[in-house]
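Analysis of the macromolecular model
Below are the chains, spelled out letter by letter.
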Amino acid sequence: MNRFEYTDVQLLPNESFVRRDRGIRLYDGEIRTNFEGGEVTLTSHRLIYKTADEVTFALQLSLIIYFEEENPGALFFTRSKKVILHLSDPQNSKLTGPMDNSIYNYVKLSFKEGFDPAFATHLSDTIGKRVWETVPLNTTAFMNAQTTGNTGAKQKLPQIKPRAGIIGIERSLQEQQRATDESINVAFQDLRKLMGMAKDMVGLSKNIATKIRERQGDITEDETIRFKSYLMSLGIDDPVTRDAYKSSNDYFKELARQMSGILEEPIKDVGGMMALTDVYCRVNRARGLELISPEDLLNACRQLESLNLPIVLRTFESGVMVLQSIAHNDFEIAEAVSQLIKSRGSITATELAQSEGISVVLACERLLMTEKNGKACRDDSIEALRFYPNRFLEEES
């Protein structure tokens with residue numbers, strides 16, 4: 001309702017009459033107003049409402065985004081047909097009207113004395129012609145016709161394409177999608193700026209690390225060690241990137257060297273072997289914003305053995321791929337798992353994973369490796385795949 005402006009019932013220059021309907025109540029959104037039984041005049045430029053008390057105010061058709069019909073029924077607890085006008089925001093130059101503020105962006109026309117289907121047709125045709133763009137209203141006459149708010153300026157008409165019904169809603173959703181795409185593009189531009197700032201932060205962390213090594217200031221040895229560990233936990237200070245190398249092969253080799261430095265100690269801590277999925281998560285977490293793809297990770301892992309690095313890529317018969325320390329010994333692992341099976345009587349992959357703090361996939365591979373070395377026997381039942389000590393080997397000995 002805050003889009004309506006007080007006016008005179010007479011048509012303005014350049015404005016033509018379309019139709020007139022009576023017995024109409026106005027709604028501000030879902031709120032029923034006191035304007036009941038009024039007369040609505042549709043012109044080429046405006047929708048004019050005259051109350052029973054001869055008070056007249058008008059809505060510029062250029063503010064209507066689209067309209068739709070609301071049929072009466074039990075759901076709405078009403079007997080009258082309604083037309084919902086969805087409106088754009090009011091302009092700053094808007095003149096005084098019956099309502100200055102509203103939380104709704106739509107109004108309803110309730111046809112108490114019966115709805116003429118031709119109204120929707122005439123309204124749609126009038127909005128579609130957009131006469132106000134080619135034949136604007138006489139501004140001087142329009143301002144003189146105001147009963148209040150004569151100090152208002154010329155209203156700036158928004159260039160909004162009118163729509164009606166389901167098609168109008170679909171077009172509105174398309175416009176919203178385009179606006180969302182533009183917002184996403186802006187967000188990615190901000191992300192690139194953030195990545196540039198991250199590089200500056202990396203340089204700052206290098207300076208801090210240098211000062212720590214030189215032990216400038218009152219920093220004790222324990223504080224130095226603790227602070228260095230904090231910096232290391234933040235990630236790699238200079239991650240390898242593809243654009244720094246002329247060929248992909250050089251990039252993969254340097255990435256392999258960096259991965260070896262990151263993962264050598266963590267792999268030892270988990271028993272000398274780490275699944276490639278865990279490797280991918282650890283490496284990208286350490287690289288911060290400079291993430292790598294699974295393909296780049298796999299290609300770098302394939303370079304480890306040729307570079308004589310302390311970890312290598314290994315693929316089990318089941319297809320599971322892991323990074324393994326070169327100090328890893330299958331026989332020692334099988335022996336350790338065999339002793340654990342003997343102490344417990346039997347064990348499953350899940351129980352071994354919980355005991356050793358490793359993934360279930362790696363626990364299963366260790367049990368299969370133990371079986372392959374003749375130190376365990378399986379029992380594949382409906383409950384689970386469970387491994388027992390190899391009694392045949394003990395009897396032979």
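Keep in mind it's a predicted model, so treat the numbers as computed, not measured.

A word on the sheet that holds strand 14 (residues 347-348). With antiparallel pairing, three strands are arranged side by side in an open sheet as 14-16-15. Across the chains shown, the open sheet's two edge strands, defined by having one partner strand only, are strand 14 and strand 15 (376-380).

As a further point, take the side chain of Thr51. By the secondary structure assignment, Thr51 is in the loop between strand 5 (46-50) and strand 6 (56-60). Setting aside residues up to four positions removed in sequence, Thr51 forms contacts with Phe35, Gly38 and Phe57.

Leu47, Leu59, Leu85, Leu109 and Leu123 are the most contacted members of the largest nonpolar core, which totals 27 residues. Sorting the residues of this core by element identifies strand 2 (17-28), strand 4 (38-43), strand 5, strand 6, strand 7 (64-70), strand 8 (81-87), strand 9 (106-111) and helix 1 (117-129) as the ones contributing at least two each. Counting residues per element, this core draws most heavily on helix 1, at four residues. Apart from the residues within four sequence positions on either side, Leu109 is in contact with Ile24, Arg25, Leu26, Leu47, Lys81, Lys82, Val83, Leu85 and Phe119.

For Glu54, which is not glycine, the phi dihedral falls at a positive 70 degrees. Residue classification places Glu54 among the exposed positions, given a relative accessible area of 54%. Although it is not a glycine, Arg130 sits at a positive phi angle of roughly 50 degrees. Residue placement: Arg130 occurs in the loop between helix 1 and helix 2 (131-134).

With that settled, the discussion passes to the pairing of strand 16 (residues 385-389). Relative to strand 16, strand 14 runs antiparallel, the two sharing two bridges. Paired with Ile347 across the two strands is Phe387, which belongs to strand 16. Pairing of strand 15 with strand 16, which is carried by five bridges, proceeds in the antiparallel orientation. Across the sheet, the residue bridging to Cys377 is Tyr388, located in strand 16. Where strand 15 folds back onto strand 16 in an antiparallel hairpin, the turn is made up of four residues.

Spatial strand order, 11-13-12: three strands in an open sheet with antiparallel pairing. Where the open sheet ends on each side, the last strands, each with one partner, are strand 11 (273-275) and strand 12 (311-315). Geometrically, the sheet is characterised by an average inter-axis angle of 30 degrees between neighbouring strands, direction not taken into account. Note that strand 11 and strand 13 (residues 321-325) share three bridges and pair antiparallel. The residue of strand 13 that forms the bridge with Ala275 is Val322.

All right, on to the packing of aromatic side chains then. Using the criterion set out here, one finds ten aromatic pairs in the structure. Seen from their ring centres, Phe115 and Phe119 are 6.5 Å apart, and the 70 degrees between their planes marks the pair as edge-to-face. Residues Phe115 and Phe119 agree in their burial class; the two are buried. Both rings, one in Tyr251 and one in Phe252, keep their centres 5.4 Å apart while their planes meet at 45 degrees; by these two values the pair is tilted. The class for Tyr251 is buried, based on a relative accessible area of 3%. Take Phe252: its relative accessible area is 11%, and that puts it in the buried class.

Turning to helix 1, a few remarks are in order. The terminal C-alpha atoms of helix 1 lie 19 Å apart, and with 13 residues this matches the ideal 18 Å at 1.5 Å per residue to within 8%. Buried within helix 1 we find Phe119, Ala120, Leu123, Thr126 and Ile127. Along helix 1, the residues classed as buried sweep out an arc of 135 degrees about the axis, all on the same side. Residues of helix 1 that are exposed and point more than 90 degrees away from the buried face comprise Pro117, Gly128 and Lys129. Buried residues belonging to helix 1 abut strand 2, strand 4, strand 7, strand 8, strand 9 and helix 2. Positive phi appears at Arg130, one or two residues downstream of helix 1, with a value of about 50 degrees.

Conventions used here
Residues numbered from 1 in each chain as written. Predicted model: local features only at pLDDT ≥ 70, side-chain atom pairs only at ≥ 80, totals over all residues. Heavy atoms only, no water. Pairing = 2+ DSSP bridges. Helix = DSSP H or I, 4+ residues; strand = E, 2+ residues; numbered from the N terminus. Contact = heavy atoms within 4.5 Å. Core = buried A, V, L, I, M, F, W, Y, C linked by side-chain atoms within 4.5 Å. Buried < 20%, exposed > 50% of the residue type's maximum accessible area, 1.4 Å probe, protein only. Axes fitted to C-alpha atoms, helices over the stretch in contact; angles between N-to-C directions. Phe/Tyr/Trp six-rings, centres within 6.5 Å; stacked < 30°, edge-to-face > 60°. Expected span 1.5 Å × (residues − 1). Arc of directions from axis to C-beta.

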